[in-house]
Amino acid sequence: SGRVGKKLVEYALDDKYQVAAFVRNPDNLKIKHTNLEIFIGDVFNTIEVEKAIKGKDFVLSALSGRSTKPDYSVLSVGMKNIIAGMEKSGIQRVISVAGAGILDDPEYGLRRNRPKYPEIFKLVSAENWKVYEALQKTSVNWTMVCAPEMPEEDRTGIYRATNDYLPIDGKRISAEDVADFILKNLETETTYKKRVGIAY
């Protein structure tokens, strides 16, 4: 029910998908549709997560930790519970949203290791790295969509995406276009088991 999550639900419904939304507080979603099923639960609860994703074709994770900062453990613990539920149900595809700090950097190894990397993003980046490590240990076809600054703006459908790196001079991309990219790449095999940097 955050910035990217709401747009994922909205755009998926527009594209005629059957959508199951897993939220703590359904009042934050404010979307009603005959193709939308809402599961109320906590991503820290393995059983609740398992029930929500059972029988689904894709899992899209837009966890952010914005409401729990500076504790961002919802990202890594949540993904571990998602992975467990997927493996139990035989679901093979998950796409999650992350920050650009965990992308490769030709000089410093990772972008988050750069001397001028903002201190404010280091905690969430550390959790995103734990998500990446957890996904690498699975057999599922995962993709982490890694964005820099992500304001709420218009959906343009026009952006650049690069596996493992942020596009050159990429500084920002709207939450709307992050959602657009995810839905357009549900079955794009070249993004399987990759971090994808995305920016204008």
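Everything quoted here is computed from the prediction, not taken from an experiment.

> Explain the overall build of the chain to me, please; I cannot follow it from the model alone.
Along the chain, the regular secondary structure elements total five helices and nine strands. Taking 200 residues into account, the globule formula puts the C-alpha radius of gyration at 16 Å, and the chain, at 16 Å, falls close to it. Based on the C-alpha atoms only, the size of the chain along its principal axes is roughly 50 × 35 × 35 Å. Per-residue burial for the chain yields a buried fraction of 47% across its 200 residues. Summed over its atoms, the accessible surface of the chain is roughly 10700 Å², and 49% of this surface lies on carbon and sulfur atoms. A gap of 2 Å separates the mean positions of the 30 positive and 28 negative side-chain charges of the chain.

> Explain the side chain of serine 96 to me, please; I cannot follow it from the model alone.
Relative to the assigned elements, serine 96 resides in strand S4 (residues 93-99). On the accessibility criterion, serine 96 (3% relative accessible area) is buried. Ignoring anything within four residues of it in the chain, the contact list for serine 96 reads Ser61, Met79, Val131, Leu135, Thr143, Met144 and Val145.

> Sorry, what's going on with the sheet that holds strand S7 (residues 141-147) here?
Sheet strands pair by backbone hydrogen bonding; their relative direction is either parallel or antiparallel. Reading across from one edge, S3-S4-S7-S9-S8 is the order of the five strands in this open sheet, with mixed pairing throughout. Only two strands of the sheet have a single partner each, and these edge strands are strand S3 (59-61) and strand S8 (160-163). When the angles between neighbouring strand axes are averaged without regard to direction, this sheet yields 20°. Two elements, S8 and strand S9 (residues 194-199), share four bridges in a ladder whose sense is antiparallel.

> Would you take a moment to explain the pattern of salt bridges for this structure?
In a structure, side chains of opposite charge can pair up when their charged atoms sit close to one another. Following the criterion strictly, the structure yields ten salt bridges and no others. A salt bridge links lysine 88 to glutamate 50; the nearest nitrogen and oxygen atoms lie 3.3 Å apart. Note that lysine 88 is positioned in helix H3 (residues 73-89) and glutamate 50 in helix H2 (residues 46-53), a separation of 38 residues in sequence. Overall, lysine 88 belongs to the exposed group, its relative accessible area being 62%. The salt bridge involving lysine 130 is made with glutamate 127; its shortest N-O contact spans 3.2 Å.

> Whenever I open this one, empty space enclosed by the protein confuses me. Can you help?
Empty space among the atoms becomes apparent when a probe as large as a water molecule is rolled across them. Counted by the stated rule, this structure contains one cavity of 30 Å³ or more. Computed from the structure, the largest cavity encloses a volume of approximately 50 Å³. Lining the largest cavity are Ser61, Leu63, Leu75, Met79, Ser96, Val97, Asn128, Val131 and Met144. Residue composition of the lining of the largest cavity, grouped by class: six nonpolar, three polar and no charged.

> In this structure, what is going on with helix H5 (residues 175-184)? I would like to understand it.
For the α-helix, the turn length of 3.6 residues means that residues three or four positions removed from each other point alike. Burial within H5 is extensive, with nine of its ten residues counted as buried. What H5 keeps buried is the set Ala175, Glu176, Asp177, Val178, Ala179, Asp180, Phe181, Ile182 and Leu183. Check the buried side of H5 and you find it contacts helix H1 (3-14), S3, S4, S7, S8 and S9.

How each quantity is defined
Residues numbered from 1 in each chain as written. Predicted model: local features only at pLDDT ≥ 70, side-chain atom pairs only at ≥ 80, totals over all residues. Heavy atoms only, no water. Helix = DSSP H or I, 4+ residues; strand = E, 2+ residues; numbered from the N terminus. Rg over C-alpha atoms; globule rule 2.2 N^0.38 Å. Buried < 20%, exposed > 50% of the residue type's maximum accessible area, 1.4 Å probe, protein only. Areas by Shrake-Rupley, 256 points an atom, 1.4 Å probe, with all protein chains shown as cover. Lys, Arg positive; Asp, Glu negative; His and termini not counted. Charge placed at Lys NZ, Arg CZ, Asp CG, Glu CD. Contact = heavy atoms within 4.5 Å. Pairing = 2+ DSSP bridges. Axes fitted to C-alpha atoms, helices over the stretch in contact; angles between N-to-C directions. Salt bridge = Lys/Arg side-chain N within 4 Å of Asp/Glu carboxyl O. 1 Å grid on protein atoms, 1.4 Å probe; cavity = no way out; pocket = protein on both sides within 12 Å on 5 of 7 lines; lining within 4 Å. Points joined across faces, edges and corners; volume = space filled by probe spheres on them. Nonpolar A, V, L, I, M, F, W, Y, C, P; charged D, E, K, R; others polar.

Purely geometric stuff here, so don't read any function into it on its own.
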